[in-house]
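# Tertiary structure, described
One letter stands for each residue in the lines below.
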Amino acid sequence: MKKSRVSLPGIVPAYLTSRGRAYHADALDVLRRLPSDSIALVLTSPPFALRRKKAYGNVAATEYVEWFWPFAEEIYRVLKPDGSFVMELGGAWNPGSGTRSLYQYELLIRLVRLFHLAQDFYWYNPSRLPTPAEWVTIRRTRVKDAVNIIWWLSKTENPQADNRRVLKPYSKSMQRLLKDGYKAARRPSQHDIGPHFQRDNGGAIPPNLLTIPNTCSNDDYLHSCRKAGLPIHPARFPAGVPEFFIRFLTESRQTVLDPFAGSNVTGQVAELLERSWISIEINGDYVEGSRLRFSQAVSSSAPADSEAA
């Protein structure tokens, strides 16, 4: 089978597909073996700084910046000069308090010592449960927390990107405007609306608010894991999140890396979009479960618990 273009000497993947390779290893071990300037997009969702410990592991908010910094330095090194680093990072609440932790913003301030902040995105999950329960459903002094921040960071002020690859269908009102036309004039907002607004560009430019529900409860991954007796990763991306950024920030056959891959939704989406991919996950059960996403497309190159030599 074809291999990913980026090779890692001294470390054997748990499994391969025609476009990618999955590693059961510590992310730092693999990142340090990757060549510099080799990855078009690092797209990941690292463990959040949650008050309650999760099965996949997470770090306290007070320790988060220092814990993540070695990963950030390696991610910067392996990115191509026009590459991007996209990180989805959920918020946290201060213990015993209805106030928010600032760890996300403390991390961002540190990250921009290396990276440029290209844009901030917000993933709105309309199906998210009302949390934190103590303050939302019991005391009723807060509203439901339903948005996660996604930072888009880059090595240069002009990273590779093309929003024409992520256009949304025009609204009915815009379709009507394109058909019937409109009168060019200055609007109450003081914006001049000229005749170029009537040009059909194939779709609307999306906003930086991504409305993507995370409601999947019976897909092939879940069914396969249950059948195999494997634990299901509890914090999976809906495919729409990585799909948006992979389309937006990469071209066909470029390499996408997820250093905290979990159930490897990123790799599966990259495969479908004809990108090369590398995934890294430290939990062997999750690696085995992620293998099931690729069905007959997977070939084993080593036992599933192979790690860096």
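Conventions we followed
Residues numbered from 1 in each chain as written. Predicted model: local features only at pLDDT ≥ 70, side-chain atom pairs only at ≥ 80, totals over all residues. Heavy atoms only, no water. Helix = DSSP H or I, 4+ residues; strand = E, 2+ residues; numbered from the N terminus. Buried < 20%, exposed > 50% of the residue type's maximum accessible area, 1.4 Å probe, protein only. Contact = heavy atoms within 4.5 Å. Areas by Shrake-Rupley, 256 points an atom, 1.4 Å probe, with all protein chains shown as cover. Pairing = 2+ DSSP bridges. Core = buried A, V, L, I, M, F, W, Y, C linked by side-chain atoms within 4.5 Å. Phe/Tyr/Trp six-rings, centres within 6.5 Å; stacked < 30°, edge-to-face > 60°. Salt bridge = Lys/Arg side-chain N within 4 Å of Asp/Glu carboxyl O. Patch = residues over 30% accessible without salt bridge, like charges linked within 9 Å, V, L, I, M, F, W, Y side chains within 5 Å.

### Some points on the overall build of the protein chain
- Scanning the protein chain from terminus to terminus reveals 9 helices and 11 strands.
- Across the 309 residues in the protein chain, those meeting the buried criterion constitute 47%.
- Contacts spanning at least 24 positions in sequence make up 71% of the contacts within the protein chain whose residues lie at least 6 apart.
- About 15800 Å² of surface is accessible on the protein chain, with carbon and sulfur atoms providing 51% of the total.

### Let's talk about the pairing of strand β6 (residues 147–154)
- With 7 of 8 residues buried, β6 lies mostly within the body of the structure.
- Direction of pairing for strand β4 (residues 79–89) relative to β6: antiparallel, over a ladder of 6 bridges. Looking at β6, one finds that Leu89 is bridged to Ile149.
- Pairing geometry for strand β5 (residues 116–124) and β6, over 8 bridges, is antiparallel.

### Some points on the environment of Arg33
- Mapped onto the elements of the fold, Arg33 is located in the loop between α1 (27–31) and β3 (39–44).
- Here the alpha-carbon distance between Arg33 and Leu8, two residues 25 residues apart in the chain, equals 6.0 Å.

### Description of the sheet that holds strand β2 (residues 20–24)
- Taken together, the 9 strands give an open sheet; going across it, the order is β1-β2-β11-β10-β3-β4-β6-β5-β9, and neighbouring strands pair in mixed fashion. Each edge of the sheet is formed by a strand with only one pairing partner; in this case those strands are β1 (15–16) and β9 (209–211).
- Relative to β4, β3 runs parallel, the two sharing 5 bridges. When the bridges of β4 are listed, Thr44 appears paired with Met87.

### Some thoughts on unusual backbone geometry
- Here the bond from Thr131 into Pro132 is cis, since omega is -5 degrees, no more than 30 degrees from zero.
- Counting through the fold element by element, Pro132 comes out in the loop between β5 and α4 (133–138).
- Although it is not a glycine, Arg140 sits at a positive phi angle of roughly 65 degrees.
- Relative to the elements of secondary structure, Arg140 occurs in the loop between α4 and β6.
- Given the relative accessible area of 66%, Arg140 is considered exposed.
- The backbone of Glu274 sits at a positive phi, close to 65 degrees, despite the residue not being glycine.
- Structurally, Glu274 is set in the loop between α8 (265–272) and β11 (276–281).
- A relative accessible area of 43% places Glu274 in the partly exposed class.

### Some thoughts on the nonpolar core
- Counting 39 residues, the largest nonpolar core has Phe68, Phe85, Leu111 and Leu257 as its most contacted members.
- Elements with a contribution of two residues or more to this core: α1, β3, α2 (64–78), β4, α3 (103–111), β6 and β11.
- Element by element, the count of residues in this core is highest for α2, at 8 residues.
- With sequence-adjacent residues up to four places away left out, Leu257 is seen in contact with Leu31, Leu34, Ile39, Leu41, Val42, Leu43, Val78, Ile278 and Ile280.
- Counting 28 residues, the second largest nonpolar core, distinct from the first, contains Val86, Ile150, Val241 and Leu249.

### Section: the packing of aromatic side chains
- Counting across every chain of the model gives 22 aromatic pairs.
- Ring centres of Trp67 and Phe260 lie 5.9 Å apart, and the angle between their planes is 45 degrees; this geometry places the pair in the tilted category. Residue Trp67 is located in helix α2, and its partner Phe260 is located in the loop between β10 (255–258) and α8; the two are separated by 193 residues in the primary sequence.
- Three or more aromatic residues link up through ring pairs in this structure, and these residues are Tyr64, Trp67, Phe68, Phe71, Tyr76, Phe85, Tyr103, Phe115 and Phe260.

### Quick word on the pattern of salt bridges
- Summed over all chains, the structure comprises 8 salt bridges.
- Here Asp145 makes a salt bridge to Arg100, at a shortest N to O gap of 2.7 Å. Placement of Asp145 in the loop between α4 and β6 and of Arg100 in the loop between β4 and α3 is noted, with a sequence separation of 45 residues between them.
- Assessed through its relative accessible area of 14%, Asp145 is described here as buried.
- Here Arg247 and Glu243 are joined by a salt bridge, their closest N and O atoms 3.1 Å apart. Linking Arg247 with Glu243, this pair stays in helix α7 (residues 240–249), spanning 4 residues, or about one helical turn.
- On the accessibility criterion, Arg247 (33% relative accessible area) is partly exposed.

### So, a nonpolar patch on the surface
- Together, Tyr124, Val147 and Leu209 make up a nonpolar patch on the protein surface, roughly 220 Å² of accessible area in all.
- Position of Val147 among the secondary structure elements: in strand β6.

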